[in-house]
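Notes for the structure review
Below are the chains, spelled out letter by letter.
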Amino acid sequence: MGEAVIKAEPSALRVDLARTALIVIDMQRDFLEPGGFGAALGNDVSLLRSAIEPCRRVIAAARAGKLLVLHTREGHRPDMSDAPPAKVERAEPQLRIGARGPMGRILIRGEQGHDIIPELAPSGDEPVIDKPGKGAFYQTDLEAMLRNRGIVNLLVCGVTTEVCVHTTIREANDRGFRCIAVADACASYFPAFHKVALDMVKAQGGIFGWVAGSEDVCAAIAPS
Ligand code: C5J
């Protein structure tokens, strides 16, 4: 596998590919398709679709380079025992987490809306982390899975940039992982938030990590 230099901001980053993983955050129907959680909150879900093709390319490059690829899904148990009332209460009753929508119960595990979009379906051996919160480390076994495999660098794609992607990068940064946000493989319902969230990652010498484009990431991780 060897080492690779990823062209990134605020500086290029040399990584050991055997210790680098790709994590794809919440590319679920509930966020990207009409009738799900994102739409229930009043968002234009079509704004997230720009991330699909860059995600697909980065996943393909990571698979070709034999990197560990992980996927996350935000959602709750059918009995909603893991859904904090403060989170559930934030929408109209008919549009809340657990309410029935066109893709099944909103943001509930096992429902159609909870699935990862078919374009980015995990392959058989790729771990899928079900998380009740925004950050992928909160109440999951992600950290153990990464540490047990010796992972120290994380390429991060997915949605939405300023919510679950950013929270996960902050959690990972505090745990000592080097995070590289793949800019065009992330998206937000608010383009201005997408930009400023990435600016925040790379500001102050990379206070939360690095930001790179999908082409540069693919060029670095795909086998030559
Ligand atoms: C949100 C997420 N935006 N995956 N979740 O509620 O970013």
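About the criteria used
- Residues numbered from 1 in each chain as written.
- Predicted model: local features only at pLDDT ≥ 70, side-chain atom pairs only at ≥ 80, totals over all residues.
- Heavy atoms only, no water.
- Helix = DSSP H or I, 4+ residues; strand = E, 2+ residues; numbered from the N terminus.
- Buried < 20%, exposed > 50% of the residue type's maximum accessible area, 1.4 Å probe, protein only.
- Lys, Arg positive; Asp, Glu negative; His and termini not counted.
- Salt bridge = Lys/Arg side-chain N within 4 Å of Asp/Glu carboxyl O.
- Polar contact = N/O pair within 3.5 Å; in protein donor to acceptor, adjacent residues only side chain to side chain.
- Contact = heavy atoms within 4.5 Å.
- Near = heavy atom within 4 Å.
- Areas by Shrake-Rupley, 256 points an atom, 1.4 Å probe, with all protein chains shown as cover.
- 1 Å grid on protein atoms, 1.4 Å probe; cavity = no way out; pocket = protein on both sides within 12 Å on 5 of 7 lines; lining within 4 Å.
- Sits in = over half its atoms within 2 Å of the grid points.
- Nonpolar A, V, L, I, M, F, W, Y, C, P; charged D, E, K, R; others polar.
- Core = buried A, V, L, I, M, F, W, Y, C linked by side-chain atoms within 4.5 Å.
- Axes fitted to C-alpha atoms, helices over the stretch in contact; angles between N-to-C directions.
- Parallel < 35°, antiparallel > 145°, perpendicular 65-115°, else oblique.
- Left-handed = near helix turned anticlockwise from the far one by under 90°.

Next up on the list: the side chain of Asp-30. Looking at the secondary structure, you find Asp-30 in helix H1 (residues 29-32). Of the side chains with opposite charge, Arg-29 comes closest to the buried, unpaired Asp-30, at an N-O distance of 8.5 Å. Engagement of the side chain of Asp-30 in a polar contact is seen with the backbone nitrogen of Leu-107, the distance being 3.0 Å. For Asp-30, the contacting residues outside a window of four places in its chain are Gly-36, Phe-37, Gly-38, Met-103, Ile-106, Leu-107, Ile-108, Gly-113 and His-114.

The next point concerns the site of the ligand. In the vicinity of the ligand, the contacting residues are Asp-26, Phe-31, Phe-37, Glu-74, Lys-134, Val-159, Thr-160, Val-163 and Cys-164. The contact in question runs from a nitrogen atom of the ligand to an N or O atom on the side chain of Asp-26, over 2.8 Å. If the ligand stood free it would expose 230 Å²; the protein chains cover 92% of that surface. Because more than half of its atoms lie within 2 Å of the grid, the ligand is assigned to the largest pocket. Grouping the constituent residues of the shell around the ligand by class yields five nonpolar, one polar and three charged.

Below, the discussion takes up the pattern of salt bridges. In the structure shown here, the tally under the stated rule is 16 salt bridges. For Asp-82, the salt bridge identified is with Arg-109, shortest N-O distance 3.7 Å. Remark: Arg-109 occurs in the loop between strand S6 (104-105) and strand S7 (128-131) and Asp-82 occurs in the loop between strand S4 (68-74) and helix H4 (85-88); sequence separation between them is 27 residues. When its relative accessible area of 22% is taken as the criterion, Arg-109 is described as partly exposed.

Next up on the list: the nonpolar core. Core analysis: the biggest nonpolar cluster contains 48 residues, and Ile-6, Leu-22, Met-27, Leu-120, Leu-155, Val-217 and Ile-221 have the highest contact counts within it. A total of six residues in this core trace back to one element, the largest contributor, which is helix H3 (residues 52-64). The contact partners of Leu-120, leaving out residues within four places of it in the chain, are Met-27, Ile-52, Cys-55, Arg-56, Ile-59 and His-71. Formed by 27 residues, the second largest nonpolar core is a distinct cluster that contains Ala-21, Leu-142, Phe-177 and Cys-186.

Turning next to the packing of helix H6 (residues 161-174) against helix H7 (residues 191-206). In a pair of packed helices, the angle between the axes and the distance between the axes together describe the arrangement. At their nearest, the axes of H6 and H7 sit 10 Å apart, and the two run at 15° to each other. One way to sum up the angle between H6 and H7 is to call them roughly parallel. When you trace H6 past H7, the crossing you get is right-handed. Judged by residue contacts, Thr-161, Glu-162, His-166, Ile-169 and Arg-170 of H6 engage Phe-193, His-194, Ala-197, Leu-198, Met-200 and Val-201 from H7. Broken down by class, the residue content of the contact of H6 with H7 amounts to six nonpolar, three polar and two charged.

The omega torsion of the bond from Glu-9 to Pro-10 falls at 5°, within 30 degrees of zero and hence cis. By secondary structure assignment, the location of Pro-10 is in the loop between strand S1 (3-6) and strand S2 (13-16). Unusually for a residue other than glycine, Met-80 sits at a positive phi of about 60°. We note that Gln-204 has phi near 55°; this positive angle belongs to a residue other than glycine. Here Gln-204 shows up in helix H7.

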